[in-house]
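Here's the letter readout for the chains.
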Amino acid sequence: MATQNQPTPPPENGLPGGLSKPALRALENAGISRLDQLTRIREADLLHLHGVGPKALDVLRPALAARGLSFATA
């Protein structure tokens, strides 16, 4: 069971629970529906999406790390 500091584990390749509805909409509008798609995007670029803020990144980072993935660096 997830606690407040740990995101809900994502469904297979899906986005993790714990993301706000605005963040989910922003990701969906950007064509992002799977966790692995975030490996091609820098954190700074995600923050430019309306609805995605630091809290969303705090949910996405550990979900990526749990699968041995991370955001793009360049």
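Model, not experiment: these values are computed from the prediction. (Residues numbered from 1 in each chain as written. Predicted model: local features only at pLDDT ≥ 70, side-chain atom pairs only at ≥ 80, totals over all residues. Heavy atoms only, no water.)

A. View of the pattern of salt bridges. Counted under the stated rule, the structure contains 4 salt bridges. Where Asp36 meets Arg34, a salt bridge forms, and the shortest distance between an N and an O atom there is 3.0 Å. Looking at Arg34, the relative accessible area reads 34%, which means it is partly exposed. Across the pair Asp58 and Arg61 runs a salt bridge whose closest N-O atoms are separated by 2.9 Å. On the criterion of helical spacing, the pair formed by Asp58 and Arg61 is a turn pair, its members being 3 residues apart in helix 3 (residues 54-66). Given a relative accessible area of 34%, Arg61 falls into the partly exposed group. Shared partners join several salt bridges into a network, and the residues in it are Glu43, Asp58 and Arg61. (Salt bridge = Lys/Arg side-chain N within 4 Å of Asp/Glu carboxyl O. Buried < 20%, exposed > 50% of the residue type's maximum accessible area, 1.4 Å probe, protein only. Helix = DSSP H or I, 4+ residues; strand = E, 2+ residues; numbered from the N terminus.)

B. Just the side chain of Gln37, in detail. Structurally, the position occupied by Gln37 is in the loop between helix 1 (21-29) and helix 2 (43-46). A polar side-chain atom of Gln37 sits 2.8 Å from the main-chain amide nitrogen of Arg34. When sequence neighbours within four positions are dropped, the list of residues in contact with Gln37 reads Gly31 and Ile32. (Polar contact = N/O pair within 3.5 Å; in protein donor to acceptor, adjacent residues only side chain to side chain. Contact = heavy atoms within 4.5 Å.)

C. Broad picture of helix 3. Taking 1.5 Å of rise per residue, 13 residues should cover 18 Å, and helix 3 covers 19 Å from first to last C-alpha, within 8% of that figure. Every buried residue belonging to helix 3 is among Ala56, Leu57, Val59, Leu60, Ala63 and Leu64, and all of these are buried. Within helix 3, the buried residues cover an arc of 160 degrees as seen down the axis, which keeps them to one side. Away from its buried face by more than 90 degrees, helix 3 exposes Pro54, Lys55, Ala65 and Ala66. Residues of helix 3 that are buried make contact with helix 1 and helix 2. One or two positions beyond helix 3, positive phi appears at Gly68, with a value near 75 degrees. (Expected span 1.5 Å × (residues − 1). Arc of directions from axis to C-beta.)

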